[in-house]
Amino acid sequence: MLAITIGREIFAQLTMNGIFRGASYGLIGAGFALILGVTGRFHFAYGFTYTLAAYLAYTFHFRGTPFGPFSDGFPFIVSGILAILFTIVVGVAIEKYIYRPIAQGAGATALLAVFVAALGIGIAGQSTIALLWSQQSQGFYDKDQIVKKSAWHIWKVTFENLDVFQFVTSLTLIVIFSVVLTKTSLGRQMKATRVNPDLATIIGINANRIYLVCFGIGSGFVAVSAIWYGLQYTVNPDMGARPVTTAFVVAFLAGTASSPIRIFMTGIVLSLLEQWSSMFIQTRWTQTLVFVVLFVYLINKSAKDTLWGKRIISIVTLQGIRG
Amino acid sequence: MQIWINYLDQILIYASLALSLNLLLGYAGQVSVAHAAFGAVGGYTLGYLVTAHNVPMIYCILIGFVFAFVAGGLIALVAMRLSTEYLILLTLAWGYVLIGVFSTIPALGGSFGIISINAKPHLLSFFGWSMQRPTDWLVPILVLVAVTYSICWRLGESPFGRILKGVREDPVATQSLGKNTFRTQILVFAVSSGLAAVAGVFYSGWLGVSTPGVFGFTFSLTIFALVIFGGMANFSGSMLGALVLTSLDPFLRRVVKFDQSKAFLVQVIIYGLLLVFLTRVRPQGLIPEGSTLGSILRRKRSEGRTEMGKASETAPTFAVREAVAEVSQVDRHARWEKAEVVLEARGISKSFGGIIAAENLDFVLKRGTITALVGPNGAGKTTVFNLLTGAIAPDTGTVTLLGRDVTGRTLDSSARSGLVRSFQDVRLFQRLSCLDNVLLGVQDQPGEKIRSLFANPRLVTVKEKETHEQAMKWLSFVGMQDFADVPTASLSYGQTKLVSLARVLATEAEVLLLDEPASGIDVKWVDNMLELVLAISAEGRTVCIVEHNLRVVRDLADHSYFMELGRITAEGTVDELTSSPRLAQAYFGTV
């Protein structure tokens, strides 16, 4: 009812914005959920990989190589692909050379130890980017004008062609990923590792390799999102914080063991809530809304676990399962 | 001169924030990435009250403390049942929500914050001591650090702190020893938050501003880094961490001559890399738990000579060895018949969904005797322990302990009323010493209450000495006195079973429920364990064991109940039970 009194146009516009923005939350959320769910690493440096991907694409396109045929920069598409590949390599390297040795050394407190290291990588990485590229925002666009930004109008709703491209790539990746997860041997190995890495190792799954694959996929997802975001707006050292934190919330709300489709939908629902709420409350409050939703969810979860479930489980099952 | 004193002020304020975070993170094991948000509660209290209502700073300290204390307690209420990853997310969200809300309230200056606190210098004063220059601030800030250090130290290094560490290692095991973990967890979160707010008041006063940026996520991370860097559960570590890391800024700006923004970035990069490097190379931080700066330096010098923490695989020697006469099973059972009933369970049932875990159980435990629950795997023996101690509330039935109804109590309250259990999987507090493990078993320690810690320190000291003697007595009883200072993580499995027995004994509980006391340990240790259990029962305590090893049951039990699929199907002496072909088949399967 309220929506009608406020105006159908605004409502439609907000819904459209919500769906487009939500797609990127969903994609990043699915990547984070995959990493946390399967490997158990609280990959807090995920925001850094996001920013890194956008900066790499920007640099490849505008600077290119110091000499040779690409000294003016790589073509736009090549830059994007190179940036995604580089980000994947960085994500995998973080797992292989930092998280894994730390987790092996820390034993029972691995989650906290990895989180601390991830924090370190995150803040050091972001500041390094600010130091190398300056703290100012940089305009990022296709200077060859092949992927040109243009506004589309349908009825009274306005959006950019980039919104659509972003939505379609996100959805495609999510669909491919859920097919991989359910239909292929690799997907089954991931799910087995998620349930019990030790048991998975016993039946011949190389859990360490699966972990690397998860970091690869997650880093790829975040890179795709970041590059679209950079194209639509600008690239700046802080750009990772907001979308990735929202994606954390999405992953936890949906559940880290949920199907990618469900996480994607959760991202869209959360984003719609964020957009629609701006009809009733001031825009500056909407940013906080996501966390209020999370807060309510956690309070509810905590209350449920107290009355039922967790307390009993932690006593009945063997040691080591806490929460 | 003033500029260096200013840096010193900053180091000390950061140190006080690190101290209170360490109490929460290092001692209680509660990961919080929102410590600066609690500081913001204090900072904004000062900013608002000073600029809008002309309230002197000293009242702002009190009000800020109370606000943050309550907020911290509420967060703890949600946090206590959550696992680490959810806790990180919860505190992250809390930080964003709080700062987000502050920056939308016009009375708090919106996104600019409150920026003219020091425009009213007469309010920033204590008892006529006005604070305007950095040197004026130094004395009050020193008092702040001293008070914060004292409070944190008193809470952390006391019986209260032992419960915190117990909760950190294993909350369920802590409850099973009669400790109210609920109250402890809420209190520590509240106190830590309150102290952060007090430091926040000083920080805002010293800076002259309270803005969303000042208390943002980056500041929370900085404090977090100080604690990790200095060493968890170690207050001198936090002081050292603050000193070293906060000195980076003047070093980069005055010595290396970076400009302000570059110095800040390089500083953050160094923080980050240090965190990564440290978790890899020295995860325990500069000063590990239980060490002091002095002890580390000394150890460095005498390295190679000390050989600490090496637990050898020697069978224990007994300080107390009760002469247990060889009594025949028939005599023992006759004795059981005459003994006084201590615990009585009537009609206990429990089902989980459609699965019946216990059905109409009736049994008694008698003083000075040993009762055994035997039966095949999955018969519900451990479930009986869970039902008795209140880990699981029964659907129907009553449990009476010495005439009092104790049905459906919580784990800790049934332990306090004299019904204590051990765990099949031992559940020792891994990073604590054997002595600390046993100390946690001792009941009625005044030092576990915050009020007596501060109001009655003499009583706490006297009692703590007695508690130590008691714990040592039980540790000696099981023959582990030489391992008092060894962390239980480095013990062999058999030794952990002994320490866990000592821990249960230290509760002085009337009824002891021992879950497989002799399983999984070396054959040569089994006899020792049997003698210990017999000695306990000879002292007049009531013992109930769950055991698979029929030899153990035969040697120990005065009376046995046979369980199958959640029901008690037979009772009597072990020989009576094993002579029944049907029960033998149920137990061993078809031969």
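Quick caveat, the model's predicted, so the values are computed rather than measured.

A. Molecular detail of the confidence of the model for chain A. Residue and element names in this part refer to chain A. The pLDDT averaged across chain A works out to 85; a share of 92% of its residues lies at or above 70. Confidence, read as mean pLDDT per element, is least for helix α13 (residues 310-316) in chain A (40) and greatest for helix α9 (residues 207-232) (94). Segment residues 308-323: pLDDT under 50, and 21 contacts once partners within four positions in sequence are set aside and those in other chains are kept.

B. Region of interest: the sheet that holds strand β6 (residues 396-401) of chain B. Residue and element names in this part refer to chain B. With respect to topology, four strands assemble into an open sheet ordered β4-β3-β6-β7, the strand pairing being antiparallel. The open sheet is flanked by β4 (355-366) and β7 (404-405), the only strands paired with a single partner. In terms of strand pairing, β6 meets β7 through two bridges, oriented antiparallel. Paired with Leu401 across the strands is Arg404, a residue of β7.

C. Spotlight on unusual backbone geometry. Residues and elements named next belong to chain B. Notably, Asp444 is not glycine yet its phi reads approximately 55°, a positive angle. Relative to the assigned elements, Asp444 resides in the loop between α17 (434-439) and α18 (450-455). Asp444 sits in the exposed class, given 10 other C-beta atoms within 10 Å. For Glu516, which is not glycine, the phi torsion reads 50° and is therefore positive. Structurally, Glu516 is set in the loop between β9 (511-515) and α21 (523-538).

D. Expanded view of the interface of chain A and chain B. Taken together, the contact between chain A and chain B spans 46 residues of the former and 36 residues of the latter. Breaking the side of chain A that touches chain B down by element, the ones donating at least two residues are α4 (76-106), α5 (110-133), α10 (241-254), α12 (283-307) and α13 of chain A. Grouping the constituent residues of the side of chain A that touches chain B by class yields 31 nonpolar, 11 polar and four charged.

E. Summary view of the confidence of the model for chain B. Residues and elements named next belong to chain B. Summing up the model confidence of chain B, the mean pLDDT is 87 and the portion of residues at 70 or higher is 95%. Per-residue pLDDT stays below 50 along residues 303-325; that stretch engages in 32 contacts with residues further than four places along the chain or on separate chains. The ipTM, which scores confidence in the relative placement of chains, is 0.86 for this predicted complex, and the corresponding pTM is 0.87.

F. Seen up close, helix α2 (residues 8-39) of chain A. Residues and elements named next belong to chain A. With 32 residues, α2 ought to run about 46 Å at 1.5 Å a step, and its terminal C-alpha atoms sit 45 Å apart, in line with that. Summarising burial for α2: 23 of the 32 residues are buried, a large majority. Directly after α2, the chain includes Gly40, whose backbone phi takes a positive value near 75°.

Thresholds applied
- Residues numbered from 1 in each chain as written.
- Chains lettered and ligands numbered in written order.
- Predicted model: local features only at pLDDT ≥ 70, side-chain atom pairs only at ≥ 80, totals over all residues.
- pLDDT = per-residue confidence, 0-100.
- Helix = DSSP H or I, 4+ residues; strand = E, 2+ residues; numbered from the N terminus.
- Contact = placed C-beta atoms within 7 Å.
- Pairing = 2+ DSSP bridges.
- Buried ≥ 20, exposed ≤ 12 C-beta atoms within 10 Å, placed from the backbone.
- Nonpolar A, V, L, I, M, F, W, Y, C, P; charged D, E, K, R; others polar.
- Expected span 1.5 Å × (residues − 1).

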